[in-house]
Amino acid sequence: MTTVHDSPTAAESGANASSSFKDRARSAADVPPERVSAVVTAVLQGVHTAIRDKQVTYPEFQAAKAWLMAVGEGGEWPLFMDVFVEHVVEDVAATSQRGTLGTIEGPYYLPDQVRLSSSCELPHRDDEKGTPLVLAGQVRDLDGTPLAGAEVDIWHADADGYYSGFAPGVPDGNLRGVVVTDAQGNFEIRTVQPAPYQIPTDGPTGKLIAAAGWHPWRPAHLHLMVRADGHRTITTQLYFAGGEWLDSDVAEATKPELVLDPVDDGTGVRRATYDFDLEGN
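To keep things clear, this report deals only with the structure shown in the data block. All values reported here derive from a predicted model rather than from experimental measurement.

Quick notes on the rules
Residues numbered from 1 in each chain as written. Predicted model: local features only at pLDDT ≥ 70, side-chain atom pairs only at ≥ 80, totals over all residues. Heavy atoms only, no water. Core = buried A, V, L, I, M, F, W, Y, C linked by side-chain atoms within 4.5 Å. Buried < 20%, exposed > 50% of the residue type's maximum accessible area, 1.4 Å probe, protein only. Helix = DSSP H or I, 4+ residues; strand = E, 2+ residues; numbered from the N terminus. Contact = heavy atoms within 4.5 Å. Phe/Tyr/Trp six-rings, centres within 6.5 Å; stacked < 30°, edge-to-face > 60°. Salt bridge = Lys/Arg side-chain N within 4 Å of Asp/Glu carboxyl O. 1 Å grid on protein atoms, 1.4 Å probe; cavity = no way out; pocket = protein on both sides within 12 Å on 5 of 7 lines; lining within 4 Å. Points joined across faces, edges and corners; volume = space filled by probe spheres on them. Nonpolar A, V, L, I, M, F, W, Y, C, P; charged D, E, K, R; others polar. Pairing = 2+ DSSP bridges.

## Details of the nonpolar core
In this structure, Leu135, Val139, Leu224 and Phe276 are the most contacted members of the largest nonpolar core, which totals 45 residues. At the level of secondary structure, the elements contributing two or more residues to this core comprise helix H4 (77-84), strand E3 (132-141), strand E4 (151-155), strand E6 (186-192), strand E9 (221-227), strand E10 (234-240) and strand E14 (276-278). Apart from residues no more than four positions distant in its own chain, Val139 is found in contact with Thr145, Pro146, Leu147, Ala150, Val152, Thr181, Gly185, Phe187, Val226, Phe276 and Leu278.

Here's what the structure looks like:
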């Protein structure tokens, strides 16, 4: 089992995630008032129903208010929403999409990372820990046409479960990059296999998980955002067969179709292949 780290970084991770989200978030100004009313009314009705069904007391209500305030003050709304809500939004979106399956983006994406050639090694520390991993594949249209110059934006945690840009002591850009496919839409990325990790547990999200008796673990995974001109961008994650927490992901984001089964090539390097099929706009 991966070593459990008593991480002191929830507040820092939360603040960084909130800052990153605000920089990239779209304005809600173009959402029609009728749509805002319909969705918000449904959410509030769900809350009201839960209060009545569970006979929520005033002390419990006040505790919930204090917790909501703590989530905002700790910058953990992106973390909370991505862990507990985003997978349902993604499921709804997937009903009208074709091509490779997506899943949640998560709170740790950072845009504008270094651009790399189709065969490359992700930026890493000289003493980067972890089992060497090679991910190869092809990006193509739904009709099988290779997509040259497509971007495979990849990021993942290190062998201790930490992300660059969100945990202190991890160099900026570590294990992140934008890989550009070759003339045949192919790519080959050398990196290390990430570890399963706990979502930050020392903040209000972690306190909720502990109070409910849930576990805070995510299975090991690679994040990818695959894009090409004229095509719908796919945001997804790739997991590892036999990995811990694969069947009980706290974020409920795993899908059987997104599980890799890397094979040792005899030199200690694990190799896996995964192709991406992009739907035209």
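Once you've had a look at it, read on.
## Notes on the environment of Tyr162
Summarising the element assignment, Tyr162 is placed in the loop between E4 and strand E5 (176-180). Here Tyr162 falls in the partly exposed class, since its relative accessible area comes to 23%. Put simply, Tyr162 and Pro194 are 32 residues apart on the chain and 9.0 Å apart in space, counted from C-alpha to C-alpha.

## Overview of the packing of aromatic side chains
Summed over all chains, the structure comprises 13 aromatic pairs. Here the aromatic rings of Trp77 and Phe80 are separated by 5.6 Å at their centres, their planes lie at 85°, and the arrangement is edge-to-face. Here the residue Trp77 and the residue Phe80 both occupy positions in helix H4, the gap between them amounting to 3 residues, near one helical turn. What makes Phe80 buried here is its relative accessible area of 15%. Ring pairs connect the aromatic residues Trp67, Trp77, Phe80, Phe84 and Trp214, which therefore count as one cluster.

## A short note on the pattern of salt bridges
Tallied over the entire structure, the rule returns 14 salt bridges. Glu188 is paired through a salt bridge with Arg190; the nearest N and O atoms lie 3.8 Å apart. Using a relative accessible area of 28% as the deciding quantity, one classes Glu188 as partly exposed. We note a salt bridge from Glu279 to Arg232, for which the minimum N-O separation is 3.1 Å. Taken as a pair, Glu279 in the segment after E14 and Arg232 in the loop between E9 and E10 lie far apart in primary sequence, 47 residues in all. The same class applies to Glu279 and to Arg232, which are both buried. A single salt-bridge network, built from bridges that share partners, covers Arg115, Glu151, Asp153 and Arg227.

## Topic: the layout of surface pockets
Estimated volume of the second largest pocket: approximately 490 Å³. Lining the second largest pocket are 13 residues, with Val47, Ala64, Lys65, Trp67 and Leu68 positioned closest to its centre. Secondary structure elements with two or more residues in the lining of the second largest pocket: helix H2 (33-54) and helix H3 (58-73). In terms of residues, the lining of the second largest pocket owes the most to one element, H3, which gives 7 residues. Taken together, the residues of the lining of the second largest pocket sort by class into 11 nonpolar, no polar and 2 charged.

## Topic: the sheet that holds E10
Here 6 strands make up an open sheet; going across it, the order is E1-E5-E4-E9-E10-E11 and the pairing mixed. A strand with exactly one partner marks an edge of an open sheet, and here the two such strands are strand E1 (115-116) and strand E11 (259-260). Alignment of E4 against E5, held across 5 bridges, turns out to be antiparallel. Directly across from Glu151, in E5, lies its bridge partner Val180.

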